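So you can see what is in the structure, the chains are spelled out below.
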Amino acid sequence: MAKVAFVGLGVMGYPMAGHLKNKGGHEVTVYNRTGAKADKWVAQYGGKSAPTPQAAAGGQDFVMACVGNDNDLREVMLSEHGIFAGVRKGAVVVDHTTASAQIARELHAEAKKRGFDFVDAPVSGGQAGAENGVLTVMCGGDEGPFAQAEKVIAAYARACNLLGASGSGQLAKMVNQICIAGLVQGLSEGLHFAMKAGLDIEKLIATISKGAAQSWQMENRYKTMNDGKYDFGFAVEWMRKDLSIAIAESRRNGANLPVTALVDQFYSEVEKMGGKRWDTSSLLARLER
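Since this is a predicted model, take the numbers as computed values, not measurements.

1. Regarding the overall build of the protein chain
Point 1. Looking only at helices and strands, the protein chain has 13 helices and nine strands in total.
Point 2. Relative to the 2.2 N^0.38 estimate, which gives 19 Å for 289 residues, the radius of gyration of the protein chain is 20 Å and therefore close to what a compact globule would have.
Point 3. Out of the 289 residues in the protein chain, the part that is buried amounts to 50%.
Point 4. Carbon and sulfur atoms provide 52% of the accessible area of the protein chain, an area that totals close to 13,000 Å².
Point 5. The protein chain carries 32 positive and 30 negative side-chain charges, and their two centres are separated by 1 Å.

Here's what the structure looks like:
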């Protein structure tokens, strides 16, 4: 058992912190910007809440965070009452936010100066993965702190790997989203074509999902896509945030991402259709207009 703080109780953080308490058996303190959410979590899981990130981090062995973007991360980590103001020497801060590799490196360097460790650890698996405790966690940082954190992260992960130095976790998450973007567009076009051709979608998927076209997206999303329902996964506005991070990084490292940039434009069209909170499979809705 470890003393753990969890900062940020959104759709991902709320169940992740719950797994730390119930499955991991850790002593958990939570903080959320909206205090009522923290109170609800404590009522459901036990543990305790803190009034600031600094107070939540004080005296903990590990401090986990899962917030919105780079700006949110700077605020929650480096502000006057932020996490870094409360972390004890020797502790490990684990950031599950999907953010830039640049801020991960900045926070890692600052943590080292202050005598504790920082691991960037974005996750994949969406809300369902968080609720079921089967997330994939991509980490960047030093081997020692990672090895310590991995035992705690196990409460909500089915896979957790160190990809390299600080920032590598964020870079791996960018690759994850790049791969998904092109795949979902391909699946959308395939289903759109099949519908226009008058094929039986159930028989089609039962057949091609046993071959090279098979994917997690096909297996888990074709039914809802076929029904024109898009409330079952990662939101379009979140995907656009992630793709913008990947595209910005590509400008720095010289990578060529033509399909990713195109799919990002397609998602902007979905947003204009009212689909900001539709799941990413809603690329099909754009084709079916």
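Once you've had a look at it, read on.
2. Focus: empty space enclosed by the protein
Point 1. Taken as a whole, this structure holds one cavity of 30 Å³ or more when the rule is applied.
Point 2. Its boundaries defined by the atoms lining it, the largest cavity holds a volume of some 30 Å³.
Point 3. Lining the largest cavity are Thr-98, Ala-99, Gln-170, Lys-173, Met-174, Gln-177, Asp-242 and Ile-245.
Point 4. If you list the elements that add at least two residues to the lining of the largest cavity, you get α8 (168-197) and α11 (236-253).
Point 5. Ranked by residues supplied to the lining of the largest cavity, first place goes to α8 with four residues.

3. Regarding the pattern of salt bridges
Point 1. Scanning all chains against the criterion turns up 13 salt bridges.
Point 2. The partner of Arg-286 in a salt bridge is Glu-269, with the nearest N and O atoms 2.7 Å apart. With Arg-286 in helix α13 (residues 283-287) and Glu-269 in helix α12 (residues 258-272), this pair connects stretches of sequence that are 17 residues apart.
Point 3. For Glu-269, a relative accessible area of 25% corresponds to the partly exposed category.
Point 4. One continuous salt-bridge network, built from bridges that share partners, spans Lys-112, Asp-117 and Asp-142.

4. Notes on the pairing of strand β2 (residues 27-31)
Point 1. Burial analysis of β2 places four of its five residues in the buried class, the great majority of the element.
Point 2. Of the strand pairs in this sheet, strand β1 (residues 3-7) and β2 are connected by five bridges, and their pairing is parallel. From the neighbouring strand, Ala-5 faces β2, where its bridge partner is Thr-29.
Point 3. Remark: the β1/helix α1 (residues 13-22)/β2 crossover connection has right-handed handedness.
Point 4. Pairing geometry for β2 and strand β3 (residues 48-49), over two bridges, is parallel. Bridge assignment links Val-30 to a residue of β3, and that residue is Ser-49.
Point 5. With respect to chirality, the unit in which β2 leads through helix α2 (residues 35-45) into the neighbouring parallel β3 is right-handed.

5. A closer look at the nonpolar core
Point 1. Counting 34 residues, the largest nonpolar core has Phe-6, Met-64, Ile-153 and Tyr-156 as its most contacted members.
Point 2. In contact with Ile-153, other than residues within four places in its own chain, are Met-64, Val-94, His-96, Val-137 and Cys-160.
Point 3. In terms of nonpolar packing, the next biggest core, distinct from the first, is built from 23 residues, Ala-57, Ile-83, Ala-104 and Phe-118 among them.

6. A closer look at the packing of aromatic side chains
Point 1. Per the counting criterion, the structure on display carries six aromatic pairs.
Point 2. Taken together, a centroid distance of 6.5 Å and an interplanar angle of 65 degrees make the contact between Phe-84 and Phe-118 edge-to-face. Taken together, the positions of Phe-84 in the loop between α4 (70-78) and β5 (92-95) and Phe-118 in strand β6 (residues 117-120) put the pair 34 residues apart, joining distant regions of the chain.
Point 3. Linked through ring pairs, Tyr-14, Trp-41 and Tyr-45 together constitute an aromatic cluster.
Point 4. Over the face of the ring belonging to Phe-266 we find Arg-286, whose NZ or CZ atom lies 3.6 Å from the ring centre.

About the thresholds
- Residues numbered from 1 in each chain as written.
- Predicted model: local features only at pLDDT ≥ 70, side-chain atom pairs only at ≥ 80, totals over all residues.
- Heavy atoms only, no water.
- Helix = DSSP H or I, 4+ residues; strand = E, 2+ residues; numbered from the N terminus.
- Rg over C-alpha atoms; globule rule 2.2 N^0.38 Å.
- Buried < 20%, exposed > 50% of the residue type's maximum accessible area, 1.4 Å probe, protein only.
- Areas by Shrake-Rupley, 256 points an atom, 1.4 Å probe, with all protein chains shown as cover.
- Lys, Arg positive; Asp, Glu negative; His and termini not counted.
- Charge placed at Lys NZ, Arg CZ, Asp CG, Glu CD.
- 1 Å grid on protein atoms, 1.4 Å probe; cavity = no way out; pocket = protein on both sides within 12 Å on 5 of 7 lines; lining within 4 Å.
- Points joined across faces, edges and corners; volume = space filled by probe spheres on them.
- Salt bridge = Lys/Arg side-chain N within 4 Å of Asp/Glu carboxyl O.
- Pairing = 2+ DSSP bridges.
- Right-handed = clockwise from strand over helix to strand, strands pointing away.
- Core = buried A, V, L, I, M, F, W, Y, C linked by side-chain atoms within 4.5 Å.
- Contact = heavy atoms within 4.5 Å.
- Phe/Tyr/Trp six-rings, centres within 6.5 Å; stacked < 30°, edge-to-face > 60°.
- Lys NZ or Arg CZ within 6 Å of the ring centre and 35° of its normal.

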